[in-house]
Each structure stands twice: as structure tokens, then as C-alpha cells.
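Read off the chains here:
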Amino acid sequence: MAAGGAGSALRLGLAALAVAVLLVGVLPLLAPHDPHRVAFAARLLAPGPEYPLGTDHLGRCVLSRLIHGFRVTPLAALAVVVTALGAGTAVGLAAGSIGGAFDRVVMRVVEGIQILPGLALALIIAGVFGLGLWTVVLALAAVHWTEYARLARTMTLAERAKPYVLGAEALGAPRHRVVLRHVLPNIAAPILVLGTVSLSWAILSFAGLSFLGLGAEPGSTEWGLMIAEARNHMRLHPRLVLAPGLTIVALVIAVNLLGDALQDRAAAGSAGTAHRFVTGKGRTS
Amino acid sequence: MAAALLHRVLYATALLLAVSMAGFALLRLMPGDAGEVLLIHQMAGELPGPEALARFKREHGLDDPLPLQYLRWLGAVLGGDLGRSFQTGDPVAQEVGMRLVNSVLLGAAAMALACAVAFPAGIAAALWRGGPVDRAVSALAVLGMAVPNFWYALLAVLLFSLTLGWLPSSGYGTWAHVVLPALVVGTSLSGVIARFVRSTCAEELPRAYVRTGRAKGVGEVPLMLRHVLPNTMVPVLALLGLQAARVFDGIVVVETVFAWPGLGRLLVDAILSRDFPVIQGCLLVLGVVYAGLHLAVDVAAMLVDPRIRGAV
Amino acid sequence: MNRGKAAGLLAVPLLAALLAVAPAPSARANDAGTLVVATMWESLPHSMEARRSRFFNESEILDTLIKLDHSMALQPGLATAWEPVSPTEWRFTLREGVVFHDGTPLTAAVVKHSLERVLALLSFAGDLLNVAAIEAPAPLELRIRTTEPFAALPNQLTDAIAVVYAPSSFDAEGKFVKPVGTGPWRFVEYVKQSHTVVERFDRYWGAAPALDRVVYRFIPDHNTRALALEAREVDMAVDIPSADVARLKDVKGMTVYREPAAGLYYGAFNVADGRPLADVRVRRAVNRMVDRAALVDAALDGVGEPAWSFFSPRFPWVPDGVPADAHDPGGAADLLTQAGYARQGGQWRKDGKPLTLRILSYTGRTEMAPVTEALAAMLQAEGVATEVQMYTWPGMLDLVKKGDYDVSVVYWTPEMTGHPDLHLKSQFHSRAGLNYQNWANAAFDAAVDKGRTLPPGAERRATYREALTILHDDAPILPLVHKVYAAASSDRVKGFRVHPSGFFYDFKSVSKEP
């Protein structure tokens, strides 16, 4: 049974969530300066006691901007993941439990979207409906829900074949009750694992799109955009490009390691069903 | 096998039809009256009068029912007419075709580079699990999945073009121009592929035929290359097919940094230029390429694995 | 089937694809006879549409009848003399012995044909040139009759739009196919998205160029363009980022060029009803809010001149006595208060709604992103909310034409013909093709329509003073920065001078040391 593994995976997930809340909610309060305040007299200052990472080309505090960036990229990425996860899981659960023609049609659609290059598809969707942060978030979610649908469907089928679920169904429990009561709790852990993978994908995609000028609005503290805006000065002030880049790398590594740890704990219980779906998942942006 | 093949071809066709409908909808979903937008672009930005607009719509059949318009449009597309760019007035098909060739070149180079690194590394990691190669592969995979490639591209240009002077910083025209962008796209891929090769090989190792081979005194390396690796080809091929879709995602960003005139840069440029016919052309071409690629991977998997030949 | 065959099956098409597109080698920067220049725009020599024909003139594949020297004074080009015959007719005497790149001679009939093609093919040429009829009474005598008295014609003829094409530039149906001109450089090769090659034309009518060949390499990324120069992949890079101007000066083996030139970065206001900038008080307030000197420093590292007027005052023909604003946040606040806004929590509001400006610009020009970004930051600091979106030029123009903006940050070269008419007429006249600002002012229209008919003198000055005063008082624009042209080359490149029109490379006087 998965209880022990999944339970510990959930605890780890909750701990990670607490750290995230700290980073997003509390850390920006500790920023030494207003990240948007321009001070032309203080342009391109080297790091010092007043500005620990120096200032950028408009005299804004780089450290404060980096810290406030935790509220842009990760939150936008989280919005992508939550939307995709919610929609995809619902579709996958429905397909797995209803089965039949519905299942076949849904899975053909899922397969079709997964065949096409996701980032380009998202770009096209965002481009048609008008650029902007939220359009991009929805567009990324619109191509990404398929990962969850596929996973949730497979897990549902696997769970439904297990004796205790078969038993419950044999005892006449309605199918949706079985799904909600028995299947959903057991697929939570692998879905959570996939969530970390897609979180890092979404962070990189969103930063990449902002770097290209297709995501966050100019002036935002989005890290990819900060890199784009600092390019003119990167030769004399490499920290302006290195700092946001390293922040992205560190965050994504942290998220991926969290995902690995979650996966190990979940696998400890449920024999690595999630494994296949998570390894081999590529990166983008 | 013929039935399975037919099934895959039918699926690819259905996918393409769906993509074509999306592409058709794209120009019709565009903000504003489609006829008016098209006419404005033909008239170099001047606003057309109502009579001119009505005549234009009549002549171009824009008042007909949508399914009829779709079929007419599909006929034109199948005949190679993807319309004209708002921005340059050039035929979209011609532009997209040229860009596609460049992107395929870059994508293939990146894939080749990634495989050239990943297969030996993955096999070595599986052979000597826990050894330095294994640890390096893990580190590469972790980094490759975490480094934003636009950032990596900026740093790689500084190192290879400016400091070392080995490779041109941007543009296209010679083989040397392909290396740097292919390296940036390929590095991240190689980590993923190497890790996958390692884990699939490692999964094969406990099997009976491996034990038999060992008992017969076959060396570890020949055993791996001749017996284990071929058995991992199906999942590895499937992964490569999956990664081919991801390659384009990497290309979108990297082409822009390196001024590589491929489909990715064309798409980004078309979106920022609100050049809807070009966006539509990119979508259709990507659909054809990826549906075709997917079909090719499926067929290759059937050919490689006799067990799948009858199945699917 | 065995796995070897399967692998082969995959490998064969892959290899075939690779070989089929095997790229050809291109010109490198180390040949002493070849100058490789990295440019911001693609040259597009197979099109004569607006921005493209500019390349024919600036690269001197084609010549204009009249040219501008380095002090922006008129000088003979393909015409050696010109004079008004009557207020509505000009006579031009053409240069003797000029041949086109295809060997055909330059005659008045050819010039007539060329100008007529231009008028037929480019919709905005009529507005610019004001031509009623063109005649070629003698082989070297050209007469142009204008629809109204038109003193500005010689200056307008220096514009790239009026370059002289050989008949072989057009096909049988009169469509443009390739640039065949009389200039010192002959068009040789164009590779899409990569480069354009021109070679010395040995029968050029003027002094022969020292170089054999110029390669214009298209490198759209502004940082990469400068980097390509530093990595010695090109000999010269134009429109480099301002941060590199200061930096490259200290790099060994580099020459940096930095000269004031025609050109203005400005915010064009959408004054349509219902938009915040429909109110002239808000427009004037915004003009006083933005500290241009700080903007030049912050956005352009000082490579530019603070602009408080449409024309840079450094040009001698610009009328004096035109009022200009200064940085005056207090005055701006007064104007906004008069307009019904109140500042609450640092933010200007009216009826509870924050004063928000939707600012559009484009990334194709080196300085646009930093200028727009700094402008938005300054407005925010003054309590004006901004929504900024960067597109490409056509993308921005599409939204501007639809009126979906408040400020579009643009760049034009209003001084480049050495006459005030060009951009006042084409940008701000209520019937101008490029006026997407919904701004119409009858007195301004009348002054601009009159100014172009007047010969140089006190009356012309007074007329343009009036037009420019209206442009200031009614404030449909926010002048930001007067252009300082920035380029850099390897120090092997000798003899390059920045032309103040901003659109003339003059590589015929440039040489390259081995």
C-alpha cells in the first residue's frame, strides 16, 4: 500500500510549500529598497553596503529586484501548473473512470497536443489572443494540461484494477464515489511529483518568453526580462546578467531536487508507478 | 502490421485536419473583421471605404458560410498557397519553407550532438554505476534541465566567440555557424538522453540473458553494446521522438539570440509583428513536420521491435 | 529486419537533409579590399518599398539628382544645376557622361521614367514630391512641374525615395526587380536574412572608391552586432548600443564614431476622444514631467541630446523663437490638477481611476527599448501608471492604426532633407498618410501647406515658427532625444565620417589597411 510513501511525500511537499510561502510572501518584505524606484544618480553602482548586489542601468537595487522576482516568475509558473494540474487531472480522472468512446477521444486529443512542440503552440495561442502575462500563463497551461490528463488516466486505470477498488465497485459503490474516495488520494503523490517537473518547465518557459519580449511587461522584476534588459551593460557589469540567471538555475535545481525526493518517497510506497512518466521528461525554454 | 501502419497514418491525417482547422480559425479569430484586416494590409494601411470592403469580401468569398470558406482555404493550402505576409507581402509558403530548412538543420545538428555525447556517457554510466562518469551524467542532467538556454547562449557566445574566438557569434552561412546554437540546444538534451540511456540500460542488467552472457564469459562492454543496448532501442527511440518536439521549444529562443533564420525566429517575429498569415503558416508547417516525425518514430519502433510489429 | 537497417533507415534521411542544406562559405572580414559592415536592418535590395529604398541611397547603389554634403547643404548629384523657371516649375541640368551599371547612359528621359515609376509604385511619393508633370525637352534637361508653388522640391529630391533607377530596374510590366543605378557601388548578391554584397563600379562618374567590395551583414540583435565587431567577424558595426560606445573606446584596435545627426526619438500621442491624452493639459503636463537630460543619461549612457523641440536646434534652417518646455514637475502637477486629476498615494487619479498611459514601441531600433523603459519608469515615478508593450515596427503600427495606444515611442529623421517640410507634412498634417494620432489642427495645416511653397527667407522662417509653436502649444508629441549617431569599426578602417543626415554611409571615401 502507498500510504507510508505517499504520506511522507505529502509531508515533504507541505514543507516545500512552506518554504515557497516564505520566499514569495515574506522575503520581499525584507528587500532593502523599492524594486521599481529609479535613481538616475545611482546608476550601475558596484555592490556595497547600501546595495548588496549593486544597482542596474536605471539605478534600481538589483537585490530588491531579484527578491521581488520571486513574486513574478514562480507565481506565474505556479499559476500555469495549478491550472494545468486542475484541468488535466479532472480530464484524466474522467477519461479513466468513464472509459469507452469518451476515453478514446480524449486520449487522441491529448496525444495530438503532445506531439506538437508545446512552447511554440503556446506562443501561437498567446500571439493570437494578445500578449501579456496572463495570456501567456493560460497559453502555457493550455498546452501543458495533457501531461496531467495522461498521468491521471493511467493511474486511475491502475487503481481501479486493484482488488480493494474492484471490491468497492462490486459492493455497488457508485463509480464517481470510488474515484473520489479511493483513486484520488492514491494518485495525489505522483501528480505532485509531476507538478514539480512542470513547475521547473513553466519557470524556464516563462523566463524564456519574457526574455524574448513575449511575457512580462518591460520594467517588471521578471528574471528573464531582467537579463534581457541588462544585456546592454553585461560586458562591464556581468553581475546584472549573472545574478538573475543564477537565481533561475538555483530555483529550478531546488524544484527538481524536491521533485526527485518526492518521487523517491512516493515510489517507496507505490512501486514507482510515477517513475515512467516523470523521467525522460525534457526541458524547454 | 499493415493495419497498425494504416492506423498511425489515419491518426496523423486526423491530427493534421485538426491543426488545419485551428490554422483556419486563427485568421478568422483575429481581432476585427477578417476581410477588413486583409484589405487594409493590401492597401498599405489606408482604411477602405464600405463599398470597397463589401466588394473585397464578395470577391474573396468572405461572406460564404464558414465550412465552405474552410474547404476553399484548405484547397489553396494543399496547393501550396499559404497567403501573403502582412509585413513583407511575400508568399508565406516560400518564407516558411526556407526557414524550415534552417530549423531542421539546426535541430538535427543539436540532436546529433546530443546523441554523440549522451549515448557513450549513458552507457558508461550504466556500466560503472556510481562512478565518476555516472556522477557527471547526473550532474549534467540536473544542470541541463535547470539552465535557461537563452542565458546559456549569452554566456557561450562570450566564451566561444569573443574570448576564444573559435566560433562565429551569430548568423548563418557556414558549418561553423551551426555549432554554437546546436551546442546550446544540444547540451540540455544530452543530459536528459544520457540519464535515460543509463536508466533503461540499468533496468536490463538484472535480466536473465545478461546473466547468461556473463556466465558464458562475455565481457561487460561487448555485452552492453551487443545485447543490452539493442534491447533498449524502443524506449530510447520513443524518448528521442519526444525530445524532437522539445528541440523546437529550445530552438525558438536560441534562434533569436543567434540570429539564425529559422522557423522559431520567424514565429517570434511574426507574433511581435502581428503578422497573422505567417503565424498561420508556421502552425501548419509545425503540424505537418511533427505529425510526420511522430509517424516516422512509430514506424521505426515497429521495424526495430518485432514484438510491436504485430501489435499496436 | 535487424536493428542496423532500422538505424540506417533513420540516419539516411537525416544525413540527406543535412547535406542538402550544407551552407556555402561567406565573405570574411580579413580581406583588405572588402569592408564587412554589420547593420541593424536587413537591406532587402529586391524591394523598393519605403525603408528599403533608403538602403539604395545610403549605400550609394543609386544616386539622387541632388545630394546633401556634410553640412547638410545641397550639392550636385546627378543634376549639376537647378533653378525655378516659374513658381510651379523647376529646371534641372543633368550631369554629362554618366552611365548606369548596365552600361546605358543617363538621360532626362530615363530620369523622367524613373521618377514616374516611383510615383506609380510608392503611394506616399506623390505627397512628398508634389509632381504635376515631368518633361524631358533635351537629353540633359529635365523639367518638373509641381501642383502648387513648391520651393522645397530640391530638398525633397535628396530623399532616398527620389533615387534614379535605370529602366532595367523594372520588368516589362513596370514592377521593380533589382536596383540598377549610377552609384559607385553595384549590387551583386543578396542572401536573405544574411547579407547583401555590393562591388565597386569602375565607370562611376565621381572619384573611384578605394575598396573593392562592401558586405552589409544583417545582425538584428544589437548586442550581438557589437560583439561581432569585437570578435573581428565584421569590420564595422552601426547603430551599436550606447553602453558599447563608451566601452569600445577603451578596447584596443577599435575606433568609435559618435556624432549628432538628424533624428528624434519622440512619443506620439493618441489624442482621440476618450483617451487621457485627448486633454491638451495632460499632454503638456507629460511634456514637463520627463527630465530629458536624465533620460539621455539613464537610457542612452549620454549618447544623445535632450530634446525639447521637434527639430534639433543645431540645424541652421530651424527657425528661432519657438517656445520650448523644461523639466518642471511642479508645473506638470498644476496642469494635471487643472485637468481634474488629484494625486492620491503617489498616483494621479480622476474620478477614482488612475491616470494610465498605454505605451507602445518596437525593439528593432537599438535605442528604442531602453528609451521606452526609462520613459515609463520616469512617468511612474511622477505618479502616472503605464502599460508598456514592445513589438516590432509593423506589429506596433498595426495597433497604432487601430488607435489601441496612448503613446507610441517612435523615431524619425525630421531634419534629413535639410528642410522642415518632410516630416511636418507627412506626420502631423491632418490629411497626412502617417498621422495616426487623431490630431488635426487647421492653423498648423495651413502653415505647413504654405511653408513648402516659400523660398528661404524671413517669411518661410515666420511660417515654420508658427507651425512649430502650434506643435509645442497643442503638444501632440513628447520630444525625447535628438539622435547621436553611434558606430564603431576596427582601426584598420580609415576615412569613415558620420553623415549628419544619418542615412548615408559614404564608403567610397573609406579604405581598409591590410
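Residues numbered from 1 in each chain as written. Chains lettered and ligands numbered in written order. Predicted model: local features only at pLDDT ≥ 70, side-chain atom pairs only at ≥ 80, totals over all residues. Heavy atoms only, no water.

**A word on the sheet that holds strand 14 (residues 342–344) of chain C**
All names here are of chain C. Spatially, the 3 strands line up as an open sheet ordered 14-15-16, and their pairing is antiparallel. Each edge of the sheet is formed by a strand with only one pairing partner; in this case those strands are strand 14 and strand 16 (353–354). Here strand 14 runs beside strand 15 (residues 347–350); their pairing, made up of 3 bridges, is antiparallel. Its bridge partner lying in strand 15, Ala342 is registered against Arg349. (Pairing = 2+ DSSP bridges. Helix = DSSP H or I, 4+ residues; strand = E, 2+ residues; numbered from the N terminus.)

**Thoughts on the domain arrangement of chain C**
Residue and element names in this part refer to chain C. Domain parsing of chain C yields domain 1 (62–174) and domain 2 (260–484). Contacts between the two partners involve 14 residues from domain 1, matched on the other side by 14 residues from domain 2. Buried area between domain 1 and domain 2, summed over both chains or domains, comes out near 1,200 Å², and the portion from carbon and sulfur atoms is 53%. Summed over the three residues of domain 1 that lose the most area to domain 2, namely Met72, Asp127 and Ala151, the buried surface amounts to 37% of that side. Counting across the domain 1 and domain 2 interface gives 1 salt bridge. Linking Arg452 and Glu148 is a salt bridge whose minimum nitrogen-to-oxygen distance equals 3.6 Å. (Domains from an automatic or database assignment. Contact = heavy atoms within 4.5 Å. Buried area = accessible area lost by both parts, 1.4 Å probe. Salt bridge = Lys/Arg side-chain N within 4 Å of Asp/Glu carboxyl O.)

**Focus: the interface of chain A and chain B**
Each partner contributes residues to the interface: chain A has 47 residues there, and chain B has 49 residues. Carbon and sulfur atoms make up 73% of the surface buried where chain A meets chain B, a total of about 4,300 Å² over both sides. Where chain A touches chain B, the interface holds 1 salt bridge. The salt bridge partner of Glu111 of chain A is Arg8 of chain B, with a shortest N-O separation of 2.9 Å. In this structure, the connection of chain A to chain B is made through 6 residue pairs in polar contact (both at pLDDT 80 or more). Taken together, the elements giving at least two residues each to the side of chain A that touches chain B come down to helix 4 (100–115), helix 5 (118–129), helix 8 (175–211), helix 9 (223–230), helix 10 (239–270) and helix 11 (275–278) of chain A. No other element matches the 10 residues that helix 10 of chain A contributes to the side of chain A that touches chain B. Each residue belonging to the side of chain A that touches chain B can be placed in one class, and the counts come to 25 nonpolar, 13 polar and 9 charged. (Polar contact = N/O pair within 3.5 Å; in protein donor to acceptor, adjacent residues only side chain to side chain. Nonpolar A, V, L, I, M, F, W, Y, C, P; charged D, E, K, R; others polar.)

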